[in-house]
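Coordinates in review
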Amino acid sequence: TSTLTTPGSTTIDGFLRLTDRDWDNSGTVTVSSGTVTLVNSNTVFTNKPGAIVDIQATGTSNSFTSSTTAGIFNNEGTVKKTVDSGTQFINTIFNNTGLVDVENGTLRYSGLTGGTSHGDFNVESGATLSFTVGTFDLTDADISGSGTLQIINGIVVLADTGAAGGSIDPDLGLSLISGGVLDLDFGGTVTLDSISNGGVINISSGSLVVNGTVTQN
């Protein structure tokens, strides 16, 4: 497998298709429009520590996707959605040990087989971090902000092993849609601002407190 390296500034303004080739980014990749396709599991995009992926595409579209067996997106740096109120999709296996910062609109992960993320997520007020299809393991992840964590027809595991990390912002809202499942396994108490529940919440340890409104759909 050959490797594409991008240490400087890269702008995606069209369609880039990678097959059996890794991409290591140590600079800044700006997705202004178009789609990066990671064709199969032999194709891995790694956003290195200190590197940035800035999703600026407008409307609803795929920023990263796979066409056959799922390609892999490993984030060790920062992935941020900075522009527009629309929805951008990352339709790959997504593993996060860095930071995902949703500043505007919705960033939706549809990873087929999900992914493992022990890093940080920040969801600004009015923004949405969304997971759909697959199982997403967010054990020991820190989720901050006053936006919304949304689960659509998928499974998100939130657990705290007692290691560094594993915190949920009490200003965060939770929305479960179309049978979305939240598996909660915390040693202490998880506090949320609100819940709109059209799915299932499983609590294997710890307790859940909601400061605001609970809506059962």
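Let me begin by describing the structure that accompanies this report. All values derive from a computational prediction rather than experimental measurement. (Residues numbered from 1 in each chain as written. Predicted model: local features only at pLDDT ≥ 70, side-chain atom pairs only at ≥ 80, totals over all residues. Heavy atoms only, no water.)

1. Structural notes on the overall build of the protein chain
Within the protein chain, the regular secondary structure consists of 0 helices and 26 strands. Radius of gyration (C-alpha) of the protein chain: 17 Å, near the 17 Å computed for a compact globule of 217 residues. Scored against the burial criterion, the 217 residues of the protein chain give a buried share of 50%. Restricting to contacts in the protein chain with at least 6 residues of sequence separation, those with at least 24 account for 38%. Carbon and sulfur atoms form 47% of the exposed surface of the protein chain, whose accessible area is close to 8,600 Å². Side chains of the protein chain give 6 positive and 20 negative charges; the mean places of these two sets differ by 13 Å. (Helix = DSSP H or I, 4+ residues; strand = E, 2+ residues; numbered from the N terminus. Rg over C-alpha atoms; globule rule 2.2 N^0.38 Å. Buried < 20%, exposed > 50% of the residue type's maximum accessible area, 1.4 Å probe, protein only. Contact = heavy atoms within 4.5 Å. Areas by Shrake-Rupley, 256 points an atom, 1.4 Å probe, with all protein chains shown as cover. Lys, Arg positive; Asp, Glu negative; His and termini not counted. Charge placed at Lys NZ, Arg CZ, Asp CG, Glu CD.)

2. Considering the sheet that holds strand E11 (residues 93-96)
If you trace the 5 strands from one edge of the open sheet to the other, you get E1-E3-E5-E8-E11, paired in parallel fashion. The sheet is open, and its two borders are formed by strand E1 (2-6) and E11, each paired with just one other strand. Averaged over all pairs of adjacent strands, the angle between their axes in this sheet comes to 15°, without regard to strand direction. When E1 meets strand E3 (residues 21-25), the two strands line up parallel, connected through 5 bridges. Across the sheet, the residue bridging to Thr-3 is Asp-22, located in E3. (Pairing = 2+ DSSP bridges. Axes fitted to C-alpha atoms, helices over the stretch in contact; angles between N-to-C directions.)

3. Describing the side chain of Asn-75
When you line up the elements, Asn-75 lands in strand E8 (residues 72-75). Owing to a relative accessible area of 1%, Asn-75 belongs among the buried residues under this scheme. Excluding residues that lie within four positions of it along the chain, Asn-75 makes contacts with Asn-47, Phe-94, Asn-95, Asn-96, Thr-97, Gly-98, Leu-99 and Val-100.

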